[in-house]
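Per-entry structural report
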Amino acid sequence: AKPGLSTPEGQARLLHDLASIELQAMELGLRTLTEYPGAPKEFREQLAEVTRSEGEHLKLCLEAIEACGYQWGHWPVHVSLWEAATTGEELIHRILVVHRHLEGSGLDAGDSILRRLSGVASKVTRNSVKRIVDEEIGHVDFGSQWYREICKLERLDANEEFKTRMPQITMAAPRNEKLNRERRTAAGFTFDELNFLEILQVENRKRCHRP
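This write-up is about the structure you can find in this document. (Residues numbered from 1 in each chain as written. Predicted model: local features only at pLDDT ≥ 70, side-chain atom pairs only at ≥ 80, totals over all residues. Heavy atoms only, no water.)

**Some thoughts on the overall build of the protein chain**
- When helices and strands are counted, the protein chain shows eight helices and zero strands.
- Helices and strands in the protein chain line up, N terminus first, as α-α-α-α-α-α-α-α.
- Its C-alpha atoms give the protein chain a radius of gyration of 17 Å, within 12% of the compact-globule value 17 Å for 211 residues.
- The principal-axis extent of the C-alpha atoms belonging to the protein chain is close to 50 × 45 × 30 Å.
- Counting all 211 residues of the protein chain, 48% fall into the buried class.
- In the protein chain, of all internal contacts separated by at least 6 residues, the share reaching a separation of at least 24 is 79%.
- Roughly 11,000 Å² of accessible area belongs to the protein chain as shown, and the carbon and sulfur atoms make up 54% of that amount. (Helix = DSSP H or I, 4+ residues; strand = E, 2+ residues; numbered from the N terminus. Rg over C-alpha atoms; globule rule 2.2 N^0.38 Å. Buried < 20%, exposed > 50% of the residue type's maximum accessible area, 1.4 Å probe, protein only. Contact = heavy atoms within 4.5 Å. Areas by Shrake-Rupley, 256 points an atom, 1.4 Å probe, with all protein chains shown as cover.)

As structure tokens, then:
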């Protein structure tokens, strides 16, 4: 069993998992900048800023891990976020996968993690995680706004594209946390999008439990 968050080891392990996510988010930002050189200039400039912010989050995690008495690499590093993006996919699909699905799922888990850390003595751990959770809203909102802008530029119906693409995306990279409607709304998700995602979650759970 994993050590509880009341222990330095449990906190370090949580931070290590977060660091793995932030590292991949930073690398995926650089990957998108490399793979989509024809993307709108403003999109690329804003993505560069988001990527820089992910790097700051990674640094926060690494410093907090050390404050707990551990080092980066003490546990395995997962690459599930990196593997969820496919070279050659359309830009709007990349935005949906990375910024609206994967990072959006991080918003769902945010409040739960903060509640679990509320009684932790280490201010370094609590403050680092809170800053990351709060600032991720802006990263997801970047994806929400640019998803709609790219759809507009390509004369696509953003609502229809969302309903067409998200079932495939959520099946390929399932996330089971209950949707945090408050944080997702602040990050640019519409009422209809949230209702659709909740229905998808129910359908995906049923699919997973079929014999």
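**Considerations on the pattern of salt bridges**
- What the rule picks out here adds up to 17 salt bridges.
- The partner of D134 in a salt bridge is R183, and the shortest N-O contact between them spans 3.4 Å. On the criterion of sequence distance, the pair formed by D134 in helix 5 (residues 123-153) and R183 in helix 7 (residues 181-186) is long-range, its members being 49 residues apart.
- In this structure, a network of salt bridges that share partners links the residues E49, R52, E56, R131 and E135. (Salt bridge = Lys/Arg side-chain N within 4 Å of Asp/Glu carboxyl O.)

**So, the layout of surface pockets**
- As a volume, the largest pocket reaches approximately 760 Å³.
- In this structure, the largest pocket is lined by 32 residues; those nearest its centre are D17, L18, I21, A109 and I113.
- Those elements that place two or more of their residues in the lining of the largest pocket are helix 1 (8-35), helix 3 (80-84), helix 4 (91-117) and helix 5.
- It is helix 4 that contributes the most residues to the lining of the largest pocket, ten residues altogether.
- A per-class count over the lining of the largest pocket returns 13 nonpolar, nine polar and ten charged. (1 Å grid on protein atoms, 1.4 Å probe; cavity = no way out; pocket = protein on both sides within 12 Å on 5 of 7 lines; lining within 4 Å. Points joined across faces, edges and corners; volume = space filled by probe spheres on them. Nonpolar A, V, L, I, M, F, W, Y, C, P; charged D, E, K, R; others polar.)

**Describing the nonpolar core**
- In terms of nonpolar packing, the biggest core is built from 36 residues, with F43, L91, I95, Y147, F162, M166 and L197 touching the most fellow members.
- Elements with a minimum of two residues in this core: helix 1, helix 2 (41-67), helix 4, helix 5, helix 6 (158-172) and helix 8 (191-208).
- Among the elements that take part in this core, helix 4 stands out by supplying eight residues, more than any other.
- With residues up to four places along the chain from it excluded, the contact list for F43 reads T32, L91, I95, F142 and W146.
- Counting 23 residues, the second largest nonpolar core, distinct from the first, contains L5, I113, V129 and V133. (Core = buried A, V, L, I, M, F, W, Y, C linked by side-chain atoms within 4.5 Å.)

**Topic: empty space enclosed by the protein**
- Under the defined criterion, the tally for this structure stands at one cavity of 30 Å³ or more.
- Of the pockets and cavities examined, the largest cavity occupies roughly 40 Å³.
- Residue assignment for the lining of the largest cavity shows that the elements contributing at least two residues are helix 1, helix 2 and helix 4.
- Of the residues that constitute the lining of the largest cavity, the class distribution is five nonpolar, three polar and two charged.

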